[in-house]
Structures are given as C-alpha cells and as structure tokens.
Amino acid sequence: MTAETENLREVIKRARVVLFDFDGPICRLFAGHSAEDVAKDLVAWLEGQGLRGLLSEEERVHPDPHVVLRVVNKRHPHSDLVVELEELLTQHELKAVPSAWPTPFADPLIRTWTAVGVRLAVATNNSPRVVARYLESRDLTECFAPNVYGRTRNLDHLKPDPHCLNRALNALGASPSAALMIGDTPSDFLAAQRAGVPFLGYARNGDKEKLLRDAGAEDVVGSLEPVLQVLRGQA
C-alpha cells in the first residue's frame, strides 16, 4: 500500500459528513453548453442595458460567467441589476443540465457513501435549483435532500466565503473536523480552510491540479475511482 493510498484511507475514514462541490466533482455542467458563451451572453445583456462601461475590456472577454457576476455585484452590490443578472445565469445553468456530463465514478461513490451511513450535502456556487434538477435526473436526490446549499442573491456569500459550507454543517449538526469537502477549485479549498473542514481536491487534468496545489491543497486525486475503491475496501 502506498503512502498516498494510506493517507486517502485516513481522510475518508474520518469523514462522517461529506460536502461536495457540484460543477466538477459531481458533473461537468457546461460540457455541452459552453461556459464561455454564457459569459458572453451576460456581457451582451449588460451592454443591452447601456452598461458596457461597467466592465473592463479584460472582464468583458473573461470565459467564466461567475467572474462577470462577481464584478457587477462588487460595483452595484445587492442591486436589482445583480438580481436580474443572477437569474439570467441560473437560466443558462438550467439549460445546461440535460447535456451535463456525470463525473466518472461520482454516481456510485455518492450511492456507496450514502449506503454506509455517511451524510452528504452539496456546497456550491451554482444555483441550488440547478443542482436539484441534475440530481433528480440521475436519481440521486435522496442521497442529498434536503441538504443542497448553493448561490443565493447575496453574492458576497459565494466561495471562497465559507457560508454554504457552514450552512451545511449547521443543518447536519456536524463539527468541521468530522466533515470532508470535495472540490476542484482554489475557491473550494479556501472555503474549506476557512470553515475548518478537511479538503480533498479533485483535479481532472494537470492544470486543475496545479491550481489546487498552488493554493495549498495537499490531498488531490485525478479520479474519484481510488476514493470509491477505498470506500469499498478494495484499496
């Protein structure tokens, strides 16, 4: 047994509650519905409102729609503009659900953890409506319900703020040390760190792994298969 596998066993063994990020560890939401196109649509909508000058040139071409949302919230916090833009993003996310790709081994991992009595929650920057629709499409609702904590209209609570993790822990009556967060971005790692929750990074490619390790994540897997194997006693 390698030291890496032994460490993974310890991380999994300690967890009584597992908090999943959504887009990445559970599925690739925009696999068939380009996130970059969504970001462009948000920018076009702002320009249609006569607000082209609200974004810098770099922000107007950024491929991540959450960056556009954060920028607008920073410059017009808690405004009707932010509410409308957030709803527009939610509608795009909902349209992406039918073409989302399940992350390899995520479904059996979720079901196995549920079967052995570990409680699960989703802590995400995506809309909880989107998560609920995806989980229903995969017959996974009962593994998480009602513990899905996602984006609210208060965008100050987006990760790396630990708000959604703390909501999940409070609802489940779990201490941070008894939980495990599985995420694929530095903001997931930072949110877990701020909440005092152990973190397991999921990196589907080398670039993702580098970003996580540069942020300080120590435990990172390139596939959920070894996690499932450990859980099933096969590693």
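Placed above this text is the structure.
Residues numbered from 1 in each chain as written. Predicted model: local features only at pLDDT ≥ 70, side-chain atom pairs only at ≥ 80, totals over all residues. Heavy atoms only, no water.

Re the sheet that holds strand 5 (residues 148–149)
Here six strands make up an open sheet; going across it, the order is 5-4-1-6-7-8 and the pairing parallel. Edge strands, defined here as strands with exactly one partner in the open sheet, are strand 5 and strand 8 (220–221). Sheet topology note: the strand 1 (residues 17–20)/strand 4 (residues 119–123) ladder contains four bridges and is parallel. What sits directly across from leucine 19, in strand 4, is alanine 121. Across the face of the sheet, helix 9 (residues 163–172) comes into contact with strand 1, strand 4, strand 5 and strand 6 (179–183) while running at roughly 155° to strand 4. (Pairing = 2+ DSSP bridges. Helix = DSSP H or I, 4+ residues; strand = E, 2+ residues; numbered from the N terminus. Contact = heavy atoms within 4.5 Å. Axes fitted to C-alpha atoms, helices over the stretch in contact; angles between N-to-C directions.)

Some details on helix 5 (residues 80–96)
Residue pairs spaced three or four apart in an α-helix point in one direction, given the helix's 3.6 residues per turn. Its 17 residues place the ends of helix 5 25 Å apart at the C-alpha level, agreeing with the 24 Å of an ideal helix rising 1.5 Å per residue. Taken together, the buried positions of helix 5 are Leu81, Val82, Leu85, Glu86, Leu89, Thr90, His92, Glu93, Leu94 and Ala96. On its buried side, helix 5 packs onto helix 2 (35–48), helix 4 (65–75) and helix 7 (128–137). (Expected span 1.5 Å × (residues − 1). Buried < 20%, exposed > 50% of the residue type's maximum accessible area, 1.4 Å probe, protein only.)

Description of the pairing of strand 4
In summary, the side chains of a regular strand alternate between the two faces of the sheet. Extensive coverage of strand 4 is indicated by the burial of four of its five residues. With two bridges connecting them, strand 4 and strand 5 associate as parallel partners. Within strand 5, the residue paired with valine 122 across the bridge is valine 148.

Overview of the environment of valine 97
Position of valine 97 relative to the elements: it lies in the loop between helix 5 and strand 3 (101–102). With relative accessibility at 7%, the residue valine 97 sits in the buried group. Each C-alpha atom of the pair valine 97 and lysine 13 lies 32 Å from the other, and the pair is 84 residues apart in sequence. Apart from the residues lying within four places of it in its own chain, the contact partners of valine 97 are Leu29, Val130, Arg133 and Tyr134.

Quick word on the packing of aromatic side chains
In this structure the tally under the stated criterion is four aromatic pairs. Taken together, a centroid distance of 6.0 Å and an interplanar angle of 85° make the contact between phenylalanine 20 and phenylalanine 144 edge-to-face. Pair noted here: phenylalanine 20 is in strand 1 and phenylalanine 144 is in helix 8 (residues 141–144), with a separation of 124 residues, a long-range link. Residues phenylalanine 20 and phenylalanine 144 agree in their burial class; the two are buried. Where phenylalanine 189 meets phenylalanine 199, the ring centres are 5.4 Å apart and the plane angle is 75°; that geometry is what we call edge-to-face. Taken as a pair, phenylalanine 189 in helix 10 (residues 186–195) and phenylalanine 199 in strand 7 (residues 199–202) lie far apart in primary sequence, 10 residues in all. The two residues phenylalanine 189 and phenylalanine 199 agree in class, both being buried. Grouped by ring-pair contacts, the aromatic residues Phe20, Trp113 and Phe144 constitute a single cluster. (Phe/Tyr/Trp six-rings, centres within 6.5 Å; stacked < 30°, edge-to-face > 60°.)

Notes on unusual backbone geometry
The step from alanine 145 to proline 146 runs through a cis peptide bond, and the omega angle for that step is 0°. Looking at the secondary structure, you find proline 146 in the loop between helix 8 and strand 5. The residue phenylalanine 105 is not glycine, and still its phi comes out positive at about 75°. Turning to its location among the elements, phenylalanine 105 is positioned in the loop between strand 3 and helix 6 (106–115). Positive phi, close to 60°, is recorded for aspartate 139, a residue that is not glycine. Within the element layout of this structure, aspartate 139 appears in the loop between helix 7 and helix 8.

Side note on the pattern of salt bridges
Counted by the stated rule, this structure contains 14 salt bridges. A salt bridge links glutamate 47 to arginine 52, with the nearest nitrogen and oxygen atoms 2.6 Å apart. Judged by its relative accessible area of 33%, glutamate 47 is partly exposed. Residue arginine 52 is classed as partly exposed on the basis of its relative accessible area of 44%. The structure contains a network of salt bridges with shared partners spanning Glu47, Arg52, Glu57 and Arg60. (Salt bridge = Lys/Arg side-chain N within 4 Å of Asp/Glu carboxyl O.)

As for the environment of aspartate 23
Looking at the secondary structure, you find aspartate 23 in the loop between strand 1 and strand 2 (27–28). Among the residues examined, aspartate 23 registers a relative accessible area of 25% and is labelled partly exposed. Along the primary structure aspartate 23 and valine 131 are separated by 108 residues, whereas in three dimensions their C-alpha atoms are 9.0 Å apart. Every residue in contact with aspartate 23, bar those within four places of it in the chain, is listed here: Arg28, Leu29, Phe30, Asn126 and Asp184.

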